[in-house]
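# Inside the fold
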Amino acid sequence: MILLGVNIDHCATLRQARYKDVGEGGAVEPDPVALAERAERAGADGITAHLREDRRHIQERDVRRLRDSVSTRLNLEIACTRAMIDFAVGLRPHSVCVVPENRTEVTTEGGLDVVAGRDRVKACIKAMAAAGIETSLFIDPDEAQIELSAKLGAPTVELHTGAYANAYGTPRRSAEFQRLRLGAARAHDLGLRVNAGHGINYVNIAEVRTVPHLHELNIGHSILSRALFSGIEEAVREMKARMNP
Ligand code: PXP
């Protein structure tokens, strides 16, 4: 069975759109922590939140509250910086997913460049392991990135499905899908746990779910979009049903 991690960042995006200047104790709707609780009740296997350096959606108090309330697993997405590594070690989520961060992007775009950031990534994996936190590296399905992730001792990679999702409905779709399949097979052969995420929706899930060796999918935008109409419980149940028909 493929597990579902629900990314709740966009719930905080909606809150910040109205309440970003309201301090602690002020209005919080919609509350991402309450959303996470409902998602878990509907069958989410984990909750993912990205504490960005610019704090544009999720805030520190959100992840502290999530750490206390999440009953499945909390996966904290972080940039590979000293400040974020220290924050994660202090918070002790179940896992961290290391993502690249570019202040002008709307949401995470390319994968982490493990090759270019080798020493920093290695130090991050080591710091997390010492704190009992599992590290996942969010990378493109490229051989060099996958091989180095394994060499540096990352237990898990999250394959970036964004290029595939963007190619859906274009002639590039099958090539991008093939990259994902090959990347997942290579990662598995090297002993890595294989997660995937970004741009997965209720339509492309029919194909994404057939990528071999998938352990968990992290999905945010599509589930939250559907939740506006159906409620989060129904949106989570429907995605899980499509992931594991
Ligand atoms: N995985 C990672 C590492 C992400 O940064 C994100 C959000 O940007 C997602 C998964 C979820 O992507 P989406 O919101 O498109 O489902």
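For the structure given in this document, a descriptive report is provided here. (Residues numbered from 1 in each chain as written. Predicted model: local features only at pLDDT ≥ 70, side-chain atom pairs only at ≥ 80, totals over all residues. Heavy atoms only, no water.)

Further remarks concern the layout of surface pockets. One water molecule sets the probe size; rolling that probe over the atoms shows where empty space is left. If you add up the space inside the second largest pocket, you get close to 270 Å³. Lining the second largest pocket are His10, Cys11, Thr13, Leu14, Pro30, Leu35, His221, Leu224, Ser225, Ala227 and Leu228. Secondary structure elements with two or more residues in the lining of the second largest pocket: helix H1 (9-19) and helix H10 (221-230). (1 Å grid on protein atoms, 1.4 Å probe; cavity = no way out; pocket = protein on both sides within 12 Å on 5 of 7 lines; lining within 4 Å. Points joined across faces, edges and corners; volume = space filled by probe spheres on them. Helix = DSSP H or I, 4+ residues; strand = E, 2+ residues; numbered from the N terminus.)

Turning our attention to a positive patch on the surface. Together, Arg118, Lys122, Lys126 and Lys151 make up a positively charged patch on the protein surface. Looking at which element gives the most residues to the positive patch, the answer is helix H5 (residues 118-130), with 3 residues. Along the chain, lysine 126 falls in helix H5. We classify lysine 126 as exposed; its relative accessible area is 65%. (Patch = residues over 30% accessible without salt bridge, like charges linked within 9 Å, V, L, I, M, F, W, Y side chains within 5 Å. Areas by Shrake-Rupley, 256 points an atom, 1.4 Å probe, with all protein chains shown as cover. Salt bridge = Lys/Arg side-chain N within 4 Å of Asp/Glu carboxyl O. Lys, Arg positive; Asp, Glu negative; His and termini not counted. Charge placed at Lys NZ, Arg CZ, Asp CG, Glu CD. Buried < 20%, exposed > 50% of the residue type's maximum accessible area, 1.4 Å probe, protein only.)

The subject of this paragraph is the packing of aromatic side chains. For the coordinates displayed, the defined rule picks out 2 aromatic pairs. Measuring from centroid to centroid gives 6.0 Å for tyrosine 164 and tyrosine 168, while their planes differ by 80 degrees, and the two rings are edge-to-face. Relative accessible area serves as the criterion here: at 2%, tyrosine 164 is assigned to the buried category. Grouping aromatic residues by their ring pairs yields a cluster made of Tyr164, Tyr168 and Phe177. Lying over the aromatic face of tyrosine 202, arginine 226 brings its terminal NZ or CZ to 3.8 Å of the ring centre. (Phe/Tyr/Trp six-rings, centres within 6.5 Å; stacked < 30°, edge-to-face > 60°. Lys NZ or Arg CZ within 6 Å of the ring centre and 35° of its normal.)

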